[in-house]
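# Survey of secondary and tertiary structure
Chain residues, written in single-letter form:
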Amino acid sequence: MFRSLAGRNYRIWFAGALVSNVGTWMQRTAQDWIVLTQLSDNNAVAVGVTMALQFGPQLLLLPLTGLVADRFDRRTVLMLTQGLMGALGLGLGVMVLTHTATLLSLYGFALALGIVAAFDTPVRQAFVSDVVQGGDVANAVALNSASFNAARLIGPAVAGVLIAAIGSGWVFVINAGSFLAVLVALRFVDPAQLAERVRPKRGKGQIVAGFRYVRTRPDIIVVLCMIFVVGTFGVNFPIFTSTMAKVEFHRGAGEFGLLNSVMAIGSVLGALLSARRERPRMRTLVIASAGFGLACTAAAFAPTYWSFAVVLVFVGLASLTFMTTANALVQTTTEPAMRGRVMALYMAIFAGGTPIGAPIVGAIADAWGPRWAIGVGATSGFVALAIALVWLVRFERFRLRYDADTRLHLAVTHAVPVVGPRAARAAFRQELSRDEAVANRSSGV
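These numbers were taken from a predicted model, which means no experiment stands behind them. (Residues numbered from 1 in each chain as written. Predicted model: local features only at pLDDT ≥ 70, side-chain atom pairs only at ≥ 80, totals over all residues. Heavy atoms only, no water.)

### Focus: the nonpolar core
Core analysis: the largest hydrophobic core is formed by 92 residues, its most contacted members being Val223, Phe308 and Val315. If sequence neighbours within four positions are ignored, valine 223 has contacts with Met282, Leu285, Ala326, Leu329 and Val330. Val77, Val137, Ala138 and Leu194 belong to the second-largest nonpolar core, a separate cluster that totals 24 residues. (Core = buried A, V, L, I, M, F, W, Y, C linked by side-chain atoms within 4.5 Å. Buried < 20%, exposed > 50% of the residue type's maximum accessible area, 1.4 Å probe, protein only. Contact = heavy atoms within 4.5 Å.)

### Focus: helix H10 (residues 237-248)
Of the residues making up H10, those classed as buried are Phe237, Ile239, Phe240, Thr241, Ser242, Thr243, Met244 and Ala245. Taken from the residues just after H10, histidine 250 is the one with a positive phi, measuring 60°. (Helix = DSSP H or I, 4+ residues; strand = E, 2+ residues; numbered from the N terminus.)

### Regarding the packing of helix H1 (residues 8-37) against helix H2 (residues 44-60)
Axes are the key here: two packed helices are described by the angle between their axes and the distance separating the axes. Two numbers describe how H1 lies on H2: the axes approach to 8 Å, and their chain directions differ by 140°. Viewed along their axes, H1 and H2 adopt a mutual orientation that is oblique. In this structure, H1 crosses over H2, and the sense of that crossing is right-handed. Of the residues in H2, those touching H1 at Arg28, Gln31, Asp32, Val35 and Leu36 are Ala44, Ala46, Val47, Thr50, Gln54 and Phe55. For the contact of H1 with H2, the residue count by class is six nonpolar, three polar and two charged. (Axes fitted to C-alpha atoms, helices over the stretch in contact; angles between N-to-C directions. Parallel < 35°, antiparallel > 145°, perpendicular 65-115°, else oblique. Left-handed = near helix turned anticlockwise from the far one by under 90°. Nonpolar A, V, L, I, M, F, W, Y, C, P; charged D, E, K, R; others polar.)

### Section: the environment of leucine 5
With respect to the secondary-structure elements, leucine 5 resides in the segment before H1. Spatially, the C-alpha atom of leucine 5 lies 9.7 Å from that of aspartate 136, the residues being 131 residues apart in sequence. Other than its neighbours up to four places away in sequence, leucine 5 contacts Tyr10, Arg11, Phe14 and Leu143.

### Thoughts on unusual backbone geometry
With phi around 60°, histidine 99 is a residue other than glycine that occupies positive phi space. In this fold, histidine 99 is placed in the loop between helix H4 (74-97) and helix H5 (103-131). Despite not being glycine, histidine 250 shows a phi value in the positive range, around 60°. Positionally, histidine 250 belongs in the loop between H10 and helix H11 (253-276). Residue class for histidine 250 comes out exposed when judged on its relative accessible area of 66%.

### Comments concerning the pattern of salt bridges
Under the counting rule described, the total for this entry stands at four salt bridges. Its salt-bridge partner being aspartate 130, residue arginine 74 comes within 3.0 Å of it at the nearest N-O pair. Residue arginine 74 is found in helix H4, and its partner aspartate 130 is found in helix H5; the two are separated by 56 residues along the sequence. Taken as a pair, arginine 74 and aspartate 130 share a single burial class, namely buried. Among the ionic pairs, aspartate 219 bridges to arginine 217, the shortest N-O distance being 2.8 Å. We note that aspartate 219, like arginine 217, is buried. (Salt bridge = Lys/Arg side-chain N within 4 Å of Asp/Glu carboxyl O.)

### Overview of the confidence of the model for the chain
Within the chain, residue pLDDT values average 78, and 83% of them lie at 70 or more. Per-element confidence in the chain ranges from a low mean pLDDT of 45 for helix H17 (residues 421-443) to a high of 91 for helix H12 (residues 282-300). Ignoring residues within four places in sequence, the model shows residues 410-425, a span with pLDDT below 50, making 32 contacts including any to other chains. The low-confidence segment residues 427-445, where pLDDT is below 50, has 11 contacts with residues more than four positions distant or belonging to other chains. (pLDDT = per-residue confidence, 0-100.)

### A short note on the side chain of threonine 29
Mapping threonine 29 onto the fold places it in helix H1. Overall, the relative accessible area of 3% leaves threonine 29 in the buried class. Here the side chain of threonine 29 touches tryptophan 25 through a polar contact of 2.8 Å, landing on its backbone oxygen. (Polar contact = N/O pair within 3.5 Å; in protein donor to acceptor, adjacent residues only side chain to side chain.)

Next up, the structure:
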């Protein structure tokens, strides 16, 4: 489960990222809470707009961010982006402490943070394949998710206590200080032990090349479609937890932070279970999609605060299993020279859907209540499941069959291997030709 930690570089990176992630979750909790309770009158749309501004730049800046991740030294880029995000957190903390923060100014900070994060995220995702090599990449991706969600377990709970004790402003200041941990870690990462990279040469068409590569990989396309649906309408947890805590159950900041921490218990468990698997599989993604839809459905019907908290453990487990598996599938099957651009596309689709989905989900929470908003999240899981099943039936000959003793089985009778772009295109065309021949025989042609 923890085999990636055997490498010195990954141990250093993991430790620094864990400290920084705790601070990030503290800031997210404080940010969502002051938007909902101090800068607006329990307005879920305002929380959705904040999320949209924070994640929207990942979609708009996609052509540039992926190329930066592939062309420039990732360690240097990370030191720059992490430093800028720390400075932004400090600036927001000063504004809150001096009582000069307004909803519009917080929108501005969310947008600035989103622009920096648009460059930071694909570089950070691809940097994992630099500090670990070979078959440990999928394990390192899963452990990164475990680190991120262990921080989610700690950060919101600590933030809830600090908001009540000393105010939201100091939470932002503490987050700014947490970025020093990852900067120190990057300083001590040994460049000589980083994996060798094939960087694209300067020239025209490099941005388009990333899109062309993905177009020849139908297996990646189906994962991106699933991630878009769940990322747009399902992973709006700040809206779900804040509105359920405040509007539905009439609880305060401490209970709101506790909900985030409880959900992180399931998230950490899901990430660690993913780390145990030898490699990511599509069937795991299918099961996680169904589990996410069912867990969100149960959360929407939870009658009390504590029953809702219990169900959130399963929401966290299913969502993290889904996200970690999708991330590892894309990273481990993408050519190294294209990984930065493909991961930028992946993160843009995952996080870039938030500007669309978060305001819609927030409006639904305002109009019909937070339970209906969670119902939208449940639907996204079932839609992702349907996309995966169509893919399996259409391209991998996934079938229901009965064996001799009449027991029902799910079987994949033909599988399309993960190959390079040219071979994938040829296999895809051959598959279509085979289907056409079968159809002709069936119709008597």
